[in-house]
Each structure stands twice: as C-alpha cells, then as structure tokens.
Amino acid sequence: MDLMHDIIARAKANKQRIVLPEGTEERTLRAADRLLADGVADIILIGNPVEINELATTFGLNHIGKATLVDPKNNEKKAVYADLLFELRKKKGMTPEQATALAEDPLYLACLMIKNGDADGEIAGAQNTTGNVLRPALQIIKTAPGISCVSGAFLMFLKDKSYGDDGVMVFADCAVMPNPTAPELAQIAVATAETARSIVGVEPRIAMLSFSTKGSASHEMVDKVTEATRLAHEMEPDLKLDGELQADAALVASVATQKAPGSTVAGHANVLVFPSLEVGNIAYKLVQRLAGAEAVGPILQGMAAPVNDLSRGCSVDDIYKMVAIAANQSIGLKARKN
C-alpha cells in the first residue's frame, strides 16, 4: 500500500479544502480529527458548532478545533448560497423559498460551497444514501466538460506485483452506470485515465474489455466496445487505449502476442474498463475475494469537482483515505485547468 502513502503525501504537500457534510457523525469526526492531526487537508465540518465541539470532547478528539465549522442553519453566506442555488435551478421550477430551505440541507450546502469556490471537494455517505449524495452534486456541481455521465472506479492493490504497475490497477465502472452506451463507455475510459494520472500517478494503459479480442467474436455487445474504443480515441487521441480485448489478452503478454500482436496496451494494461456495471462489480469483488486484493473506492469520476460517496458501513480509515483521494482529484483538476 505504498501508493496510499504517496497519495497522502501529495495531499499534505498541496492541502485542499474538503467539506464533510455529516459533521456530527462519529466516524466522520474521528476521521476529521486524524486528518487534521496529520495535516492531510483543510477540513470543513457542516453541523451545529456547539454539538460538534461537545461530541469532540465526548470522543476525546483533540484537533477538531483546527476545522472550519459551518452551521447549516446560521452561517454568514446562507443568503449567497440560497441565491446561487436559485439561479442554478430556477429554470427547473425552483422558487427562492425552496432554495433557501435547501441551502440549509448539509448535502446541498456542501455542493454550494464547492460551486461558490469555498471548498475543493466533498466526502459523504456515512449516513446518507448514494442517491442523496449524488442528487445535489449533479444539480449544482454537474459533470466535467465533455462528460455527461458519472462512473465509479476502484483502486485494486494486487498481491501479484507483475500486473498493472507494481500490482496496482484501476477498474471501472464498478459502481454507477448499469449499461453504458458506447459514448458513455468512451467517457468512462477517459475519466478513468484521469483517475490513473491524478491518484495513482501513472500514465494509463487502458484495456476496453469484452468477450472478444480484435474481432474474434461477432455480437452487438462487442460492437459497443469497439465503437467506445474509437470514440475514446477521438476524445483523447494520445491516450494509450485499445479494444476490444479479452481479459487475458489485456493482462498476459504471451496471450497478447497471439491475440493482439502490435497492440501498445495488450499484455500490460493497468486500467480495465468493463462493458457494463454487472461485469465490473462482479470482477472487482472476485479479484478482491479470490486473489486477496485490497479494493479502495468507489472513486466517483466525471464530476466537475470531487464528490465521493461512502458506504454507510464505512470505517474511520475509509473516510481518511477517501479525503486524501479527493484532495488528489482536486489537485489534478486544478492542474488541468492551468
């Protein structure tokens, strides 16, 4: 897990402002305390400040005083955020009164802070469903330029270091899009490439997976992957990406020599893009359980700013890692804009 140390070190070297809207939730507070103690990020906690400080005392947390506390019911920028939300959503029928009420919702408030330039990323989901986390993010922050869909990637830390880059691979989409179209699959590939660059720190070598390699089978499902490969090349011509490839052709050099000779990706892919959610979700869990790999994620991709969703069964360590990952996403996004 040296990569996680690198991710944390990069976050420390260029601290980002990460907002945690579930500011009174115990695991979130404990993670925030560790993050602040370690100097990983500038933490913004949303919640009643009195309650947050009382809970910090109860839990024996000594560093919450370094966090910025934002009261959703009473903060100096409440009117600014309400006006911003109204302007963003008035064409959808939102009234000023509705905007004012929603600006007090911690999940909406966190996204409004990001949109207004007061925070760089968000982590939530310890108490809220994925739908509740993503809804305000899609309404307010929206997707990145050229991207219309959100996807979820996992960092896979494999025991066999011969795969990927020293045993580290990126799998997508394993969390969000049930059956992406060819254009959506192309966008997922491009978004996952950025995850590989900004979080793993490697140049991506992307395999677009199928049950066919270079026309070995004929089916509309294969056609989708072939078309997605073409579209991804149009979106990012210099991207090292190839498809359609079977998993063994993507990962094993000897198989690649036979099935996909001349490919710049086959045999040594470090990013696997799956043709559907069921394939991606099954694959990462099989690798996790049967190969003893560690899976970190899902890392949400395709948003204009980092918003990552936690499992409601998450640990303090999960939240800590996801904050560091969100910080790296933010650093990468800012670097691309400059």
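Going along each chain's sequence as written, the residues are numbered from 1 onward. Totals for whole chains, interfaces and linings use all residues, but because this is a predicted model, local features are given only for residues with pLDDT of at least 70 and pairs of side-chain atoms are given and counted only at 80 or more. Calculation of side-chain values draws on the structure's entire complement of heavy atoms; hydrogens and water are dropped beforehand.

Draft legend 1. Structural view of the sheet that holds strand β10 (residues 294–301). Here six strands make up an open sheet; going across it, the order is β8-β7-β9-β6-β5-β10 and the pairing mixed. A single partner strand is all that each edge strand has here, and the edge strands are β8 (240–245) and β10. In this sheet, adjacent strand axes meet at a mean angle of 20 degrees when their direction is disregarded. Two strands make a pair as long as DSSP finds a minimum of two bridges between them. A run of DSSP states H or I qualifies as a helix once it reaches four residues; a run of E qualifies as a strand once it reaches two. Both are numbered from the N-terminal end. For strand β5 (residues 151–157) and strand β6 (residues 168–172), the ladder comprises five bridges, and the chain directions are antiparallel. Considered in β6, the bridge of Phe154 is made with Phe171. Angles here are taken between N-to-C directions and fall from 0 to 180 degrees, while the axes themselves are lines fitted to C-alpha atoms, restricted in helices to the stretch in contact.

Draft legend 2. View of the packing of helix α8 (residues 182–200) against helix α13 (residues 316–337). Between α8 and α13, whose axes approach to 8 Å, the crossing angle comes to 110 degrees. Taken together, α8 and α13 sit at an angle that is classed as roughly perpendicular. α13 is crossed by α8, and the crossing has right-handed handedness. Residues Glu194, Ser198 and Ile199 of α8 form the contact with α13, whose participating residues are Ile325, Asn328, Gln329, Gly332 and Arg336. For the contact of α8 with α13, a count of residues per class yields two nonpolar, four polar and two charged. Angle categories: roughly parallel below 35 degrees, roughly antiparallel above 145, roughly perpendicular from 65 to 115, and oblique for all the rest. Crossings are classed by handedness, with left-handed meaning an anticlockwise turn of the near helix from the far one by less than a right angle and right-handed meaning a clockwise turn. By the convention used here, residues are in contact when the closest approach between their heavy atoms is within 4.5 Å. Three classes are used, and their members are as follows: Ala, Val, Leu, Ile, Met, Phe, Trp, Tyr, Cys and Pro are nonpolar, Asp, Glu, Lys and Arg are charged, and the others, Gly among them, are polar.

Draft legend 3. Representation of helix α4 (residues 78–89) in the model. Expected helix span is given by 1.5 Å per residue-to-residue step, counting one fewer step than there are residues. Relative to the 16 Å expected for 12 residues at 1.5 Å per residue, α4 spans 17 Å between its end C-alpha atoms, a close match to the ideal helical length. Among the residues of α4, Lys78, Tyr81, Ala82, Leu85 and Arg89 are the ones counted as buried. Buried positions in α4, seen along its axis, are confined to an arc of 100 degrees and lie on one side of it. The exposed set on the far side of α4, more than 90 degrees from its buried face, consists of Ala79 and Asp83. Taken together, the buried residues of α4 touch α5 (96–102), α6 (106–115) and α7 (130–141). Summary of the burial criterion: residues with accessible area below 20% of their type's maximum are buried, those above 50% are exposed, and those between are partly exposed, where the area comes from a 1.4 Å probe applied to protein chains only. Taken from the helix axis, the directions to the C-beta atoms give the arc we talk about.

Draft legend 4. Just the pattern of salt bridges, in detail. Salt bridges, as used here, are contacts in which a Lys or Arg side-chain nitrogen is within 4 Å of a carboxyl oxygen on Asp or Glu. This model, assessed by the stated rule, comprises 21 salt bridges. Glu104 is the partner of Lys73 in a salt bridge, and the nearest nitrogen-oxygen pair spans 3.4 Å. Within this pair, whereas Lys73 is found in the loop between β3 (68–70) and α4, its partner Glu104 is found in the loop between α5 and α6, the two being separated by 31 residues in sequence. Since its relative accessible area comes to 55%, Lys73 is described here as exposed.

Draft legend 5. Just the sheet that holds strand β4 (residues 121–124), in detail. Overall, parallel pairing links the five strands, which are arranged β3-β2-β1-β4-β11 in an open sheet. Of all strands in the sheet, those with a lone pairing partner are β3 and β11 (307–309), marking the two edges. Neighbour to neighbour, the strand axes of the sheet diverge by 20 degrees on average, direction disregarded. In this structure, β4 lies alongside β11, joined through three bridges in parallel fashion.

Draft legend 6. Structural detail: the nonpolar core. We call a set of buried Ala, Val, Leu, Ile, Met, Phe, Trp, Tyr and Cys residues a nonpolar core when their side-chain atoms join them within 4.5 Å. One finds Ile43, Leu45, Ile64, Leu155, Met208 and Val323 to be the most contacted residues of the largest nonpolar core, which totals 66 residues. Here the element with the most residues in this core is α8; it accounts for 10 residues. Discounting residues that sit within four places of it in the chain, Met208 has contacts with Leu185, Ala189, Val225, Ala228, Thr229, Leu241, Asp242, Gly243, Glu244, Leu245 and Val273. One finds Ala124, Val133, Val150 and Ala305 within the second-largest nonpolar core, a separate group that totals 30 residues.

Draft legend 7. The arrangement of unusual backbone geometry in detail. Cis peptide bonds are those with omega within 30 degrees of zero, and the linkage from Ala172 to Asp173 qualifies with -15 degrees. With respect to the helices and strands, Asp173 occurs in the loop between β6 and α8. Cis peptide bonds are those with omega within 30 degrees of zero, and the linkage from Gly243 to Glu244 qualifies with 0 degrees. Phi is positive for Asp166, close to 55 degrees, though the residue is something other than glycine. Among the structural elements, Asp166 can be located in the loop between β5 and β6. The backbone phi angle of Lys214 is positive, close to 50 degrees, even though this residue is not glycine. Note that Lys214 resides in the loop between β7 (205–209) and α9 (220–235).

Draft legend 8. Inspection of the side chain of Asp173 at higher detail. All tallies of charge rest on Lys and Arg as positive and Asp and Glu as negative; His and the ends of each chain are not included. Of the side chains with opposite charge, Lys224 lies nearest to the buried Asp173, which makes no salt bridge, at 10 Å. The definition of a polar contact used here is a pair of N or O atoms within 3.5 Å, where within protein one atom must be able to donate a hydrogen and the other to accept one, and adjacent residues in sequence count solely through side-chain atom pairs. A polar contact is formed between the side chain of Asp173 and the backbone nitrogen of Met177, at a distance of 2.7 Å. Apart from the residues lying within four places of it in its own chain, the contact partners of Asp173 are Ser151, Gly152, Ile188, Phe274, Ser276, Leu277 and Gly280.

Draft legend 9. Looking closely at the packing of helix α1 (residues 2–13) against α13. Look at α1 against α13: their axes get within 9 Å of each other, and the N-to-C directions meet at 60 degrees. As the angle between them shows, α1 and α13 are arranged oblique. For the pair α1 and α13, the crossing hand works out as left-handed. Facing Met4, Ile7, Ile8, Arg10 and Ala11 of α1, the residues of α13 in contact are Tyr320, Lys321, Ala324, Ile325, Ala327, Asn328 and Ile331. Of the residues that constitute the contact of α1 with α13, the class distribution is nine nonpolar, one polar and two charged.

Draft legend 10. Molecular detail of the pairing of strand β2 (residues 42–46). Among the five residues in β2, four count as buried, and that is most of the element. Throughout, right-handed denotes a crossover for which the path from the first strand over the helix to the second runs clockwise when the strands point away from the viewer. Note that the unit made of strand β1 (residues 17–20), helix α2 (residues 26–38) and β2 has a crossover that is right-handed. In the sheet, β2 pairs with β3 via three bridges, with the strands oriented parallel. Bridge pairing in β3 links Leu45 to Leu69. One crossover worth recording links β2 to the parallel β3 by way of helix α3 (residues 49–58), and it is right-handed.

In short, shape yes, function no, at least from these values alone.
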